[in-house]
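Listed below are the residues making up each chain.
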Amino acid sequence: MTDLPLITHWVDGAPWEGTSQRRLTIIEPSSGAPQAEVSLASDDDVASAVASASRAFASWGKVSLAKRTAVLFAFRELLAANRDPLAAIVTREHGKTLDDARGELDRGLEVVELACGLGQLLKGDYSEGVSTGIDTHSVRAPLGVVAGITPFNFPVMVPLWMHPLAIACGNAFILKPSEKDPSAALFLADLWSRAGLPAGVFSVVQGDRVAVDALLTHPDVRAVSFVGSTPIARHVYETSARHGKRVQALGGAKNHMVVLPDADLDAAADAAVSAGFGSAGQRCMAVSVVVAVGGVGDDLVERIRSRAVSLTVGPGTTAGSDMGPLITREHRDRVASYLDSAMADGADVVLDGRGVAVEGSPEGNWLGPCLVDQVKAGMAVYDDEVFGPVLSVVRVGSLDEALELVNAGPYGNGTAIFTADGASARRYSAEVEVGMVGVNVSIPVPVAAYPFGGWKDSLFGDTHVYGTDGVRFYTRGRVVTSRWGAPKVGHDLTFPGNA
Ligand code: NAD
């Protein structure tokens, strides 16, 4: 037993400790100090949450679209009004700066606003007189209980990619947030409750792989949305499919930013620094490789270096901090080790962030911006998803070579091209094997009306998240064929034709 506060589950519309005695200590990344303990659900705890969600679905799936819309609007207002307290929770447990945390909330809010238009999103089709006296209409029906399993790096935005649409579509949703920063999920649950969502329609199950596997194999969970690293995404995809579930599993990334010689190099350097070091590089849409084309390498590296050295590393709550700590000490050390391997592989470490010291916070998981030049495919720093503030620069001779390099990689999440030439941008956008492409935009996360998703090892499944893909994922089609007022025809055992 400890005196640390307990972060619970949220089941049946209220906090719930569960029956499992397994706990994990939450360490604040900027101070290294224990903050709380989180419950880790057992199979039985997950079964209780699913039973509650199943009961809730029985009525929520039949609630009118007008009443659902009213709850969504109320949730949207509460979320917007609680921007600051929610950002503070994210910063405390994740470490990112407060402005960055508010930014993730704003992007999640967009999806709630999309879901507020559920009357439009769920419209079916109607055809009168498809045959004599026969009409046909189609509807999108909810699935039942659906689950979302989310990563540590966006504890608010990624859950918001999923559950507002799932709930708007009439499902009951169970969120299994990352065990590394679990508190934001409970804050969201409380907001839903205050918005008038019936108990059990939104639940939170805290936990690790035990909780995940219990959700993936539970017969009453109809669909699973996952966002996290590629090995776990593959496991979630295969296990869910084997258990007859619909699944979308978004994985890791290695995003390249291609800079052509005609680009505005100051704009490109600013974009590389923002996208490479924002959130200490712990974003699935972070730029981790800059591809310098046709001789811009020396100039571009110097422009990036001179900007990166001026970044301030410090607690996310301190005004003026540009970059917070990494999520755990273990992850910080793993990321830092790529500098040793890069040097051993013959790359040139232009900026080494390992020496950074933050006054007053000696135990934080600090790593300053790192810039590695002369990187090549085959080096660990290039091949692996580093997921930290390590920006690699690869030099190539032409756009052809850049395309070949990017398309040879296993991931296909995001990419960007910086150029002043429309034809080059158009060609890159058309030929690159990546799901989200930015033209002079380094973090091309689509707005909520367009789906988010990568290709290749960055996404397993058929649909991307949010946008119209989200509505399709959380509903199934039904087509109704009706006869009213047509003359009786008597028995006819032949297959019904149309006339
Ligand atoms: P992670 O894969 O370690 O964890 C994600 C979720 O899976 C967590 O809820 C965790 O509890 C669970 N999990 C972890 N190990 C498991 C196991 N063995 N069995 C079952 N479940 C398990 O990812 P993370 O470290 O939290 O997040 C960072 C990763 O997420 C990076 O790879 C990043 O690229 C990726 N990510 C991808 C996107 C995207 O949109 N493609 C978005 C955000 C993050």
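Residues numbered from 1 in each chain as written. Predicted model: local features only at pLDDT ≥ 70, side-chain atom pairs only at ≥ 80, totals over all residues. Heavy atoms only, no water.

**Student:** Quick question: what am I supposed to make of the overall build of the chain here?
**Tutor:** Counting its secondary structure elements, the chain contains 16 helices and 23 strands. Here the C-alpha radius of gyration of the chain, 25 Å, is about what a compact globule of 499 residues would show, namely 23 Å. For the chain, buried positions account for 56% of its 499 residues. Sequence-distant contacts, at least 24 apart, represent 72% of the contacts inside the chain between residues at least 6 apart. Here the chain displays about 20300 Å² of accessible surface, and carbon together with sulfur accounts for 53% of that area. Across the chain, the mean location of the 42 positive side-chain charges is 8 Å away from that of the 57 negative side-chain charges. (Helix = DSSP H or I, 4+ residues; strand = E, 2+ residues; numbered from the N terminus. Rg over C-alpha atoms; globule rule 2.2 N^0.38 Å. Buried < 20%, exposed > 50% of the residue type's maximum accessible area, 1.4 Å probe, protein only. Contact = heavy atoms within 4.5 Å. Areas by Shrake-Rupley, 256 points an atom, 1.4 Å probe, with all protein chains shown as cover. Lys, Arg positive; Asp, Glu negative; His and termini not counted. Charge placed at Lys NZ, Arg CZ, Asp CG, Glu CD.)

**Student:** Looking at this structure, I do not really get the pairing of strand E4 (residues 23-27). What am I missing?
**Tutor:** Regular strands place their side chains on alternate faces of the sheet. Of the pairings in the sheet, the one linking E4 to strand E5 (residues 34-39) comprises five bridges and is antiparallel in character. Along E5, the bridge assignment pairs Ile-26 with Ala-36. Hairpin remark: E4 followed by E5, antiparallel, with six residues in the connecting loop; positive phi at Gly-32, about 75 degrees. (Pairing = 2+ DSSP bridges.)

**Student:** Where do I start with the layout of surface pockets in this structure?
**Tutor:** Rolled over the atoms, a probe with the dimensions of a water molecule shows which regions are left empty. Volume-wise, the largest pocket comes out at about 1200 Å³. Lining the largest pocket are 46 residues; nearest its centre among them are Phe-152, Ser-178, Glu-179, Lys-180 and Ser-229. Secondary-structure elements contributing two or more residues to the lining of the largest pocket are E4, helix H8 (209-217), strand E11 (221-227), helix H9 (230-242) and helix H12 (329-344). Of the residues in the lining of the largest pocket, the class split is 19 nonpolar, 14 polar and 13 charged. Approximately 460 Å³ is the volume attributed to the second largest pocket. Along the walls of the second largest pocket sit 24 residues, with Asp-100, Ser-274, Gly-278, Arg-283 and Ile-443 positioned nearest its centre. Residue assignment for the lining of the second largest pocket shows that the elements contributing at least two residues are helix H4 (98-116), helix H6 (157-168) and helix H10 (265-277). Ranked by residues supplied to the lining of the second largest pocket, first place goes to H4 with five residues. Here the residues of the lining of the second largest pocket sort into twelve nonpolar, six polar and six charged. (1 Å grid on protein atoms, 1.4 Å probe; cavity = no way out; pocket = protein on both sides within 12 Å on 5 of 7 lines; lining within 4 Å. Points joined across faces, edges and corners; volume = space filled by probe spheres on them. Nonpolar A, V, L, I, M, F, W, Y, C, P; charged D, E, K, R; others polar.)

**Student:** Looking at this structure, I do not really get the site of the ligand. What am I missing?
**Tutor:** Close contacts around the ligand come from 26 residues, with Lys-176, Glu-179, Ser-229, Gly-251 and Glu-385 the closest. Between the ligand and the protein, one listed contact pairs an oxygen atom with a backbone N or O atom of Thr-150 at 2.8 Å. Across the complex, the protein chains shield 90% of the 840 Å² of accessible surface that the ligand would expose by itself. For the ligand, the cavity whose grid points lie within 2 Å of the majority of its atoms is the largest pocket. Those elements that place two or more of their residues in the shell around the ligand are H8 and E11. Tallied by class, residues from the shell around the ligand come to 14 nonpolar, eight polar and four charged. (Near = heavy atom within 4 Å. Polar contact = N/O pair within 3.5 Å; in protein donor to acceptor, adjacent residues only side chain to side chain. Sits in = over half its atoms within 2 Å of the grid points.)

**Student:** Please clarify how H12 should be interpreted in this entry.
**Tutor:** Because each turn of an α-helix spans 3.6 residues, side chains separated by three or four positions end up pointing in the same direction. Taking 1.5 Å as the rise per residue, H12 with 16 residues should run 22 Å; its terminal C-alpha atoms sit 23 Å apart, in good agreement. Turning to H12, its buried residues are His-331, Arg-332, Val-335, Ala-336, Tyr-338, Leu-339 and Ala-342. Taken down its axis, H12 places every buried residue within 135 degrees of arc, on the same side. Every exposed residue of H12 that faces more than 90 degrees away from the buried side is listed here: Glu-330 and Ala-344. Buried-residue contacts for H12 involve strand E15 (348-351), strand E16 (370-373), helix H13 (380-383) and strand E17 (390-396). Once H12 ends, the next one or two residues include Gly-346, with phi positive near 95 degrees. (Expected span 1.5 Å × (residues − 1). Arc of directions from axis to C-beta.)

**Student:** Is there a simple way to explain the pairing of E5 in this structure?
**Tutor:** Here two bridges tie strand E1 (residues 6-7) to E5, and the two strands are oriented parallel to one another. When the bridges of E5 are listed, Ile-7 appears paired with Val-38.

**Student:** Help me out: how do you make sense of unusual backbone geometry in this one?
**Tutor:** Peptide bonds are trans in most cases, and residues, glycine excluded, mostly fall at negative phi. In this model, Gln-374 sits at a positive phi of 60 degrees, which is unusual for a non-glycine residue. Relative to the assigned elements, Gln-374 resides in the loop between E16 and H13. Its identity is not glycine, yet Lys-456 carries a phi of approximately 55 degrees, on the positive side. Within the element layout of this structure, Lys-456 appears in strand E21 (residues 455-456).

**Student:** Where do I start with the packing of aromatic side chains in this structure?
**Tutor:** Think of a pair of aromatic rings as described by two things: how far the centres are apart, and how the planes are tilted against each other in angle. In the structure shown here, the tally under the stated rule is nine aromatic pairs. Residues Phe-152 and Phe-387 carry aromatic rings whose centres are separated by 6.0 Å and whose planes lie at 90 degrees to one another, so their mutual orientation is edge-to-face. Of this pair, Phe-152 sits in the loop between strand E8 (145-149) and H6 while Phe-387 sits in the loop between H13 and E17, placing them 235 residues apart in sequence. The residues Phe-152 and Phe-387 share a single accessibility class, namely buried. Summarising the aromatic geometry, the rings of Trp-161 and Phe-452 are spaced 4.2 Å apart at their centres and angled 40 degrees between planes, so their arrangement reads as tilted. (Phe/Tyr/Trp six-rings, centres within 6.5 Å; stacked < 30°, edge-to-face > 60°.)

**Student:** Looking at this model, I keep getting lost on a positive patch on the surface. Mind explaining?
**Tutor:** Together, Arg-222, Arg-246, Arg-472, Arg-476 and Arg-478 give the surface a local cluster of positive charge. For Arg-478, the location among the structural elements is in strand E23 (residues 475-483). Arg-478 gets classed as partly exposed once you look at its relative accessible area, which sits at 48%. (Patch = residues over 30% accessible without salt bridge, like charges linked within 9 Å, V, L, I, M, F, W, Y side chains within 5 Å. Salt bridge = Lys/Arg side-chain N within 4 Å of Asp/Glu carboxyl O.)

**Student:** Please explain empty space enclosed by the protein as it appears in this structure.
**Tutor:** Throughout the structure, instances matching the rule amount to two cavities of 30 Å³ or more. When its volume is computed, the largest cavity comes out at roughly 90 Å³. In terms of residue class, the lining of the largest cavity is made up of five nonpolar, four polar and three charged. In this structure, the second largest cavity spans a volume of roughly 40 Å³.

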